[in-house]
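Observations on the model geometry
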Amino acid sequence: MDSLLWVLAAGLIILGLLGTVLPVLPGTALVLAGVILGAWIEDFARVSMAAVVLVGVLAVLAWALEWAAGLLGAQRAGASRQALLGAAIGTVLGLALGLIGVLFMPLLGAAVGEFLARRDQQRALKVGLATWLGLLAGMLAKVVLAFTMVGVFIAALVW
């Protein structure tokens, strides 16, 4: 039975790592679930509660950074509320288009929202690009933190 649980824990972690770049999957949540399951299998003997808490803090940090990065990029460019709404709508619509949609629809949504708010093409492009760069920075931070979460888990298992 333990072997099956370890396979499930590893599967959750692998799916979670994939989910850091595929927005359909809740990446860091799946990694966290796999780590908790792995720790629970051995009653937190090898993977301590402190390691699980550290991984949990990293997961929360990843969620916060991902959410804040796009918003900060947009705000730094002086985005209007319509641009922020457009980026959010673009992100949701991008989910239906796969990875390419998720990467580029927020840029398009922010640019369209900014254009509708201010009727300035250059400003709309600047805001769209800044929002997009912020979102990419957030995704990169999420990927790095997810791999750090896995590293903490593996280190706890080995030592």
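Residues numbered from 1 in each chain as written. Predicted model: local features only at pLDDT ≥ 70, side-chain atom pairs only at ≥ 80, totals over all residues. Heavy atoms only, no water.

Quick notes on the overall build of the chain
Secondary structure assignment for the chain yields six helices and zero strands. Across the chain, helices and strands are ordered from the amino to the carboxyl terminus as α-α-α-α-α-α. When the backbone C-alpha atoms are referred to their principal axes, the chain occupies close to 60 × 25 × 15 Å. For the chain, with 159 residues in total, the buried portion stands at 42%. Sequence-distant contacts in the chain: of pairs separated by 6 or more residues, those separated by 24 or more amount to 67%. Total accessible area on the chain stands at roughly 8,800 Å², and carbon and sulfur atoms take up 76% of it. Here the chain contributes 8 positive and 6 negative side-chain charges, whose respective centroids are spaced 20 Å apart. (Helix = DSSP H or I, 4+ residues; strand = E, 2+ residues; numbered from the N terminus. Buried < 20%, exposed > 50% of the residue type's maximum accessible area, 1.4 Å probe, protein only. Contact = heavy atoms within 4.5 Å. Areas by Shrake-Rupley, 256 points an atom, 1.4 Å probe, with all protein chains shown as cover. Lys, Arg positive; Asp, Glu negative; His and termini not counted. Charge placed at Lys NZ, Arg CZ, Asp CG, Glu CD.)

Let's talk about the pattern of salt bridges
Tallying each qualifying case throughout the model produces four salt bridges. Where Glu 114 meets Arg 118, a salt bridge forms, and the shortest distance between an N and an O atom there is 2.7 Å. With a gap of four residues between them, Glu 114 and Arg 118 both fall in helix 5 (residues 98–118), about one helical turn apart. Look at Glu 114 and you get buried, because its relative accessible area is 0%. With a shortest N-O distance of 3.3 Å, Glu 114 and Arg 123 are connected by a salt bridge. A cluster of three or more residues bridged by salt bridges with shared partners is formed by Glu 114, Arg 118 and Arg 123. (Salt bridge = Lys/Arg side-chain N within 4 Å of Asp/Glu carboxyl O.)

Overview of the packing of helix 2 (residues 27–41) against helix 3 (residues 49–76)
Between helix 2 and helix 3, the shortest axis-to-axis distance is 10 Å and the interhelical angle comes to 175°. The angle between the axes of helix 2 and helix 3 places the two elements in the roughly antiparallel class. From helix 2, Thr 28, Ala 29, Leu 32, Val 35, Ile 36 and Ala 39 reach across to helix 3, where they touch Val 52, Val 55, Gly 56, Ala 59, Ala 62 and Trp 63. Here the residues of the contact of helix 2 with helix 3 sort into ten nonpolar, two polar and no charged. (Axes fitted to C-alpha atoms, helices over the stretch in contact; angles between N-to-C directions. Parallel < 35°, antiparallel > 145°, perpendicular 65-115°, else oblique. Nonpolar A, V, L, I, M, F, W, Y, C, P; charged D, E, K, R; others polar.)

What about the environment of Ala 74?
Positionally, Ala 74 belongs in helix 3. Each residue touching Ala 74, except ones within four places of it in the same chain, is listed here: Ala 79, Leu 84, Ala 130 and Thr 131.

Let's talk about helix 3
Over its 28 residues, helix 3 extends 39 Å from the first C-alpha to the last, a length consistent with the 40 Å expected when each residue adds 1.5 Å. Those residues of helix 3 that are buried are in contact with helix 2, helix 4 (81–95) and helix 6 (121–158). (Expected span 1.5 Å × (residues − 1).)

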